[in-house]
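Inside the fold
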Amino acid sequence: MAQTDVIVIGAGPAGLSAATALARLGVAVTVLDREAVAGGIPRHCNHPPYGLREFRRLMRGPAYAQRLVAEAKAAGVTIRTQTTVTFLHPGGRIDVTSPEGVETLAARAVLLATGVRETSRAARLIGGEKPGGVMSTGALQGIVHLNGQRPFQRPVILGTELVAFSALLTCRHAGIKPVAMIEPARRITARSPAIWLARLMGVPVLLEATVDAIHGRTRVEGVQIDRRGTLQDMATDGVIVSGGFRPEATLLRLSHLEVDPGSGGPVIDLWGRLSDPAYFAAGNLLRGVETAGWCWAEGRRVARAIHAALLGQLPAPEVARLRLGSDAVRLALPQVLPIDRPKPSPADSGAADGLQLRLNRPAKGRLRLMQDGVCLMDRRIDSLPERRITLPLPALRSASDVTLTLEER
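Residues numbered from 1 in each chain as written. Predicted model: local features only at pLDDT ≥ 70, side-chain atom pairs only at ≥ 80, totals over all residues. Heavy atoms only, no water.

As annotated in an unreviewed UniProt entry, the protein chain carries the name FAD-dependent oxidoreductase and is attributed to Tabrizicola piscis.

**Quick notes on the domain arrangement of the protein chain**
We count it as follows: Note that the domain bounds were set by an automatic or database domain assignment. For any pair of parts, buried area is found by adding up, for both, the accessible area (1.4 Å probe) each one loses once the two are put together. Note on definitions: salt bridges are taken to be side-chain nitrogens of Lys or Arg within 4 Å of carboxyl oxygens of Asp or Glu.
Each assigned domain of the protein chain is listed with its residue range as follows: domain 1 (1-118 + 245-316), domain 2 (120-243) and domain 3 (317-408). Taking only C-alpha atoms, the centre of domain 2 and the centre of domain 3 are 35 Å apart. Buried surface at the junction of domain 2 and domain 3, summed over both partners, amounts to about 470 Å²; 46% is from carbon and sulfur atoms. Considering only the side of domain 2, the residues that lose the most area to domain 3 are Arg187, Thr189 and Arg191, jointly responsible for 79% of the buried surface there. The tally of links between domain 2 and domain 3 comes to 0 salt bridges.

**Regarding the packing of helix H4 (residues 137-146) against helix H5 (residues 162-174)**
For clarity, the cut-off: Axis definition: a line fitted to C-alpha atoms, limited for helices to the stretch in contact. Angles are taken between N-to-C directions and run from 0 to 180 degrees. Runs of H or I in DSSP of at least four residues are treated as helices and runs of E of at least two as strands, each being numbered from the N terminus. Angular relationships are summarised with four words: roughly parallel below 35 degrees, roughly antiparallel beyond 145, roughly perpendicular across 65 to 115, and oblique for the angles in between. Crossing handedness follows the turn of the near helix against the far one: under a right angle anticlockwise gives a left-handed crossing, and clockwise gives a right-handed one. Whether two residues touch is decided by their heavy atoms; if any such pair falls within 4.5 Å, the residues are in contact. As a working rule, the residues Ala, Val, Leu, Ile, Met, Phe, Trp, Tyr, Cys and Pro are called nonpolar, Asp, Glu, Lys and Arg charged, and the rest polar, with Gly in that last group.
Running from N to C, H4 and H5 point in directions that differ by 25°, and their axes come no closer than 10 Å. Between H4 and H5, the angle falls in the class roughly parallel. In this structure, the crossing between H4 and H5 has a hand that is left-handed. For the pair H4 and H5, the contacting residues are Thr137, Leu140, Gln141, Val144 and His145 in the first and Val163, Ser166, Ala167, Thr170, Cys171, His173 and Ala174 in the second. Within the contact of H4 with H5, the residues separate by chemical class into 6 nonpolar, 6 polar and no charged.

**Focus: the sheet that holds strand S15 (residues 230-235)**
So the rule is basically this: At least two bridges found by DSSP between two strands is the condition for calling them paired.
Spatially, S8-S13-S14-S15 is the arrangement adopted by the 4 strands of the open sheet, whose pairing is mixed. Two strands lie at the open edges of the sheet, namely strand S8 (127-128) and S15, each paired on one side alone. The pairing of strand S13 (residues 209-215) with strand S14 (residues 222-227) spans 6 bridges and is classified as antiparallel. Each residue of the ladder has a partner; that of alanine 209, found in S14, is arginine 227.

**Examining the UniProt feature "domain: FAD/NAD(P)-binding" (unreviewed entry) in the protein chain**
Our working definition: UniProt positions are given in the numbering used here, feature names are shortened, and annotations may be inferred rather than shown by experiment.
Using the residue numbers shown here, the UniProt feature "domain: FAD/NAD(P)-binding" (unreviewed entry) corresponds to residues 5-298. Annotation note: span residues 5-298, helix share 24%, strand share 28%, distance between end C-alpha atoms 20 Å.

**Side note on the environment of isoleucine 195**
Mapped onto the elements of the fold, isoleucine 195 is located in helix H6 (residues 195-200). A sequence separation of 30 residues divides isoleucine 195 from phenylalanine 165, and the C-alpha atoms of the two residues are 8.4 Å apart.

**Notes on the pattern of salt bridges**
Counted under the stated rule, the structure contains 20 salt bridges. Connected through shared salt-bridge partners, Arg366, Arg368, Asp378 and Glu407 make up one network.

So, in structure tokens, the structure goes:
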């Protein structure tokens, strides 16, 4: 059984930045990725902005991905593509399959950085026929930017998260003219200025609207839209099902590791450590989707935590758990909190310096962290789903549960 110091599963921004940072600290690192080429989702996104946080320059996705791979290799990281991890065993042993066959690898620490996937048409319960021409943004970008093909001419785009506007840019690159963007909420999910991209491209944004059914025999021919209770048919030749990101947690759910029902990703502590301390996690596996720059920085931070763990310098896993006390809050990270704040500073130990939250629905009111009947923190919010919300680390009073509540107004 082959053994190394650290195995990283996933060659996107979080995985590659962590691997590079560890290799620069003298750690032997192997990165595994099921795709034929390393670099993650940015390989498919042939538009800016990438690289400002990391390299102080504006880059397109493919150039950014190539830079991440080049830096990892220059640092001494071994990257194995077309290598799929099939099972996680306790203690850092993993089963993999590749063109060379099936094998078991072992490492002192394993970092999970498997990223996210968009919610499929089936999971959204959209009725009608099942013709060709229905795909996620990621699939569209792969077809356009990697294969050089144009899968349709006049699609509709479901959703208005930031990735939906990335789909707009991909359509423009390929000469595709979307007929509409369709959003169930009263306003777009991405920040308001994004709507100007649709307006500049002449693409109407239909708010308070859903697609009830997709029609067509072999190819999409139209969709039925429900807008504020009124049904209408719209001619189109494709459907881009964008956003609704969920952690790519198939491996996790098959393993012995604890899964957070809110995020769908792993339960982690302040250092990105999982319920089995041989495993760590970073990147979009933790929460749905964040920017590439955020994931890159998170990978570097968790790399410091892994290095400290290899040196036996991480504190023992703590027992105070963060619980959700409001159905408006979808997730809060990390779920395991230290009773004492990391010393000398979070940055030195690789610890997170705050909490991350996401909402299930638009909400405003007062967020409170409660422990033993005492309010540890109180903050007003007015936010939308998929928006980043951060809070400073609370000073805990004991090892009892901490409950996050939202008093909506």
